[in-house]
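Topology and contacts: notes
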Amino acid sequence: MSSFQIDYDSVAEIYDLYVAADYDIPFFLQEAATVEGPVLELTAGTGRLSLALIQAGVQLTCVDGSRGMLDVLSRKLRDRGLSAEVLCANVCQLELHTRFQLALLPFQSFMEIVGEPRQRQALSAVFACLGAGGRFICTMHNPAVRRAQVDGTLRVVGRFPIPDGSLVVSGFEQGGHPLVKRLQFFEFFGSDGRLRSKQLLPMEFEFVERDHFEMMARDAGFHVLGLYGNYDRSPFDPGRSPVMIWVLQKADAQPSVATDAPQAARR
């Protein structure tokens, strides 16, 4: 079992400079709108998704393993006059007293839980946090598509403005069967174009194949309600879909659902 942990504390104060993705927010807002009761967001980070959910009136509990990331989120909440429960905890070792009607693990973050033992722990921990009939939406990259980028090639993520200069983020990835090792570089340039400093963030994540994840989810007690291939709710295509968006349910009866196409979750 890997003990490696991505040091998100080291990039907490710059994370929002280079991560501003919002393509999945409408999807999660729609899912949360169907729930009457508390919602659990795992790997909440600095609140990329959290703020939109809270502003929409969701009763949200935000969990992340990085205290630095949560400090940024808490500051945002204070500045905006918003409130949410914010907890620093390991997804594999959740001990929450509230029983949630919906749990979210966005931004393909399940893949950062490396190793089957820890993945099974995480699924069991989320299952225990849900009330009867509660749903768990878990997102991952589709290995068949994402693996093509794991080729050792240095790729620039982007150039982002900072006070008196710019930040260039790049990285390369190796492996992929199933563990991916990524080195992410941060280069800070002044307004004169000169390099001022560098920072390195080692990262690891693991490709989880569709059949294997479904087996682990069922072993944890979940029923599979559906599987989307993108945030527009299109059916999952094993060879083309960029992501796997799993809709799981903690329920007493096994629904009759095929997992090669999305299904409407029970409301």
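Sequence order as written defines residue numbering, which begins from 1 separately in each chain. This being a predicted model, a pLDDT of at least 70 is required before a residue's local features are given, and a value of 80 or more before pairs of side-chain atoms are given or counted; all residues contribute to the totals for chains, interfaces and linings. Hydrogens and waters are ignored; side-chain quantities use all the structure's heavy atoms.

Turning our eyes to something else, we now look at the side chain of glutamine 108. Along the chain, glutamine 108 turns up in the loop between strand 4 (100–105) and helix 5 (116–129). Residue exposure (1.4 Å probe, protein chains only): buried if accessible area is under 20% of the type maximum, exposed if over 50%, otherwise partly exposed. Overall, glutamine 108 belongs to the buried group, its relative accessible area being 7%. Any two residues whose heavy atoms approach within 4.5 Å at even a single point are treated as in contact. The contacts of glutamine 108, once residues within four sequence positions are left out, are Tyr23, Thr139, Met140, His141, Tyr231 and Val243. Strands are runs of DSSP state E lasting at least 2 residues, helices are runs of H or I lasting at least 4, and numbering of each runs from the N terminus.

So, on to the nonpolar core. A general feature of soluble globular proteins is that nonpolar side chains tend to end up buried together. Residues Leu42, Phe110, Phe136, Phe213 and Phe222 are the most contacted members of the largest nonpolar core, which totals 39 residues. Only strand 1 (39–42), strand 4, helix 5, strand 5 (130–141), helix 7 (210–219), strand 10 (223–228) and strand 11 (243–249) provide two or more residues apiece to this core. In terms of residues, this core owes the most to one element, helix 5, which gives six residues. Setting aside residues up to four positions removed in sequence, phenylalanine 213 forms contacts with Phe110, Leu123, Cys138, Met140, Val208, Trp246 and Leu248. Side-chain atoms within 4.5 Å are what join buried Ala, Val, Leu, Ile, Met, Phe, Trp, Tyr and Cys residues into a set we call a nonpolar core. Within the second largest apolar cluster, 27 residues are counted, among which are Ala32, Val35, Ala44 and Val247.

Next up on the list: the pattern of salt bridges. We count a salt bridge whenever a side-chain nitrogen from Lys or Arg sits within 4 Å of a carboxyl oxygen from Asp or Glu. All chains considered together, the criterion is met by 13 salt bridges. Close ionic contact of glutamate 13 with arginine 75 constitutes a salt bridge, the shortest N to O distance being 3.0 Å. With glutamate 13 in the segment before helix 1 (15–18) and arginine 75 in helix 4 (residues 67–80), the pair connects residues that are 62 residues apart, well separated along the chain. Overall, glutamate 13 belongs to the exposed group, its relative accessible area being 56%. When the shortest N-O distance is used, the salt bridge between aspartate 219 and arginine 120 registers 3.1 Å. Residue aspartate 219 is found in helix 7, and its partner arginine 120 is found in helix 5; the two are separated by 99 residues along the sequence. Exposure remark for aspartate 219: the relative accessible area of 52% places this residue in the exposed category. Each of Glu31, Arg135 and Arg233 takes part in one network of salt bridges that share partners.

Geometrically, a pair of aromatic rings is defined through the distance of the ring centres and the angle of the planes. Here a pair means two rings of Phe, Tyr or Trp (six-membered ring of Trp) with centres within 6.5 Å. Their orientation is stacked below 30 degrees between planes, edge-to-face above 60, and tilted elsewhere. In the structure shown here, the tally under the stated rule is 15 aromatic pairs. Ring pairs connect the aromatic residues Tyr23, Phe27, Phe28, Phe107, Tyr228 and Tyr231, which therefore count as one cluster. Geometrically, a lysine NZ or arginine CZ counts as sitting over a ring once it is within 6 Å of the ring centre and also within 35 degrees of the ring normal. Lying across the ring of phenylalanine 189, arginine 159 places its NZ or CZ 5.5 Å from the centre. Sitting over the face of the ring of phenylalanine 127, lysine 250 holds its NZ or CZ atom 4.6 Å from the ring centroid.

Any two strands with at least two DSSP bridges between them are considered paired. The sheet built from four strands is open, its strands ordered 6-7-8-9 with antiparallel pairing. One side of each edge strand has no neighbouring strand; the edge strands of this open sheet are strand 6 (155–162) and strand 9 (195–206). The average undirected angle you get between the axes of adjacent strands in this sheet is 20°. Note that strand 8 (residues 179–190) and strand 9 share 11 bridges and pair antiparallel. Paired with phenylalanine 186 across the two strands is glutamine 199, which belongs to strand 9. Simply put, an axis is a line fit to the C-alpha atoms, just over the touching stretch for a helix, and the angle between two N-to-C directions goes from 0 to 180 degrees.

Moving on to helix 4. Expected span of a helix, by definition, is 1.5 Å for each gap between consecutive residues, and there is one gap fewer than residues. Between the first and last C-alpha of helix 4 there are 20 Å, a value that for 14 residues agrees with the 20 Å anticipated at 1.5 Å per step. Buried residues of helix 4: Gly68, Met69, Leu70, Val72, Leu73, Lys76 and Leu77, and no others. Against the buried residues of helix 4 lie helix 1, helix 3 (50–55), strand 2 (60–64) and strand 3 (85–88).

On the secondary structure map, glutamine 30 appears in helix 2 (residues 25–33). Judged by relative accessible area, glutamine 30 falls into the partly exposed class, the value being 46%. Polar side-chain contacts of glutamine 30 include one of 3.1 Å to the side chain of arginine 233. Contacts described as polar in this section are N or O atom pairs within 3.5 Å, which, within protein, must combine one atom able to donate a hydrogen with one able to accept it, while residues neighboring in sequence count only if both atoms come from side chains.

Tracing the backbone through its elements, the reader meets arginine 146 in helix 6 (residues 143–146). Accessibility expressed as a relative area gives 11% for arginine 146, which makes it buried. Spatially, the C-alpha atoms of arginine 146 and glutamate 206 are 11 Å apart, while their sequence positions differ by 60 residues. Within the structure, arginine 146 has its side chain in polar contact with the side chain of glutamate 173 (distance 2.7 Å).

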